[in-house]
Amino acid sequence: MPKVEKGRLSGLWGMHSYTSKELDDWADEIEAQVTDPTNQDDPKWLRRWAGRIRRLAQRKEKAREHKTRQ
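None of the values given here were measured: they were computed from a predicted structure.

1. Quick look at the packing of helix H1 (residues 20–34) against helix H2 (residues 43–69)
Between H1 and H2, the shortest axis-to-axis distance is 8 Å and the interhelical angle comes to 165°. Between H1 and H2, the crossing angle belongs to the class labelled roughly antiparallel. The two elements H1 and H2 cross, and the hand of that crossing is left-handed. Across the interface between the two elements, Ser20, Leu23, Asp24, Trp26, Ala27, Asp28, Ile30, Glu31, Gln33 and Val34 from H1 touch Pro43, Leu46, Arg47, Trp49, Ala50, Ile53, Arg54, Leu56, Ala57, Lys60 and Glu61 from H2. In the contact of H1 with H2, the residues fall into twelve nonpolar, two polar and seven charged.

Below, the structure written as structure tokens:
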């Protein structure tokens, strides 16, 4: 029986091709869905997903700053 593995942000949608600003904007959109009354997704899941995207954006920004300092 195959093992179930956690999905990765960089895998399916190619998150490494987005800029940190685009990822931040996307995380904002996901967090806005939490308060949307027509949304049927779990708020905890949306917050967790937005947090993962935001952390990736922060790492990308930090890497960009590191490259410019060198």
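2. Points about the pattern of salt bridges
Counting across every chain of the model gives five salt bridges. Across the pair Asp24 and Arg54 runs a salt bridge whose closest N-O atoms are separated by 3.3 Å. One end of the pair, Asp24, is in helix H1; the other, Arg54, is in helix H2, and 30 residues separate them in sequence. Asp28 is paired through a salt bridge with Arg54; the nearest N and O atoms lie 2.8 Å apart. Within this pair, whereas Asp28 is found in helix H1, its partner Arg54 is found in helix H2, the two being separated by 26 residues in sequence. Overall, Asp28 belongs to the partly exposed group, its relative accessible area being 39%.

The rules behind the values
Residues numbered from 1 in each chain as written. Predicted model: local features only at pLDDT ≥ 70, side-chain atom pairs only at ≥ 80, totals over all residues. Heavy atoms only, no water. Axes fitted to C-alpha atoms, helices over the stretch in contact; angles between N-to-C directions. Helix = DSSP H or I, 4+ residues; strand = E, 2+ residues; numbered from the N terminus. Parallel < 35°, antiparallel > 145°, perpendicular 65-115°, else oblique. Left-handed = near helix turned anticlockwise from the far one by under 90°. Contact = heavy atoms within 4.5 Å. Nonpolar A, V, L, I, M, F, W, Y, C, P; charged D, E, K, R; others polar. Salt bridge = Lys/Arg side-chain N within 4 Å of Asp/Glu carboxyl O. Buried < 20%, exposed > 50% of the residue type's maximum accessible area, 1.4 Å probe, protein only.

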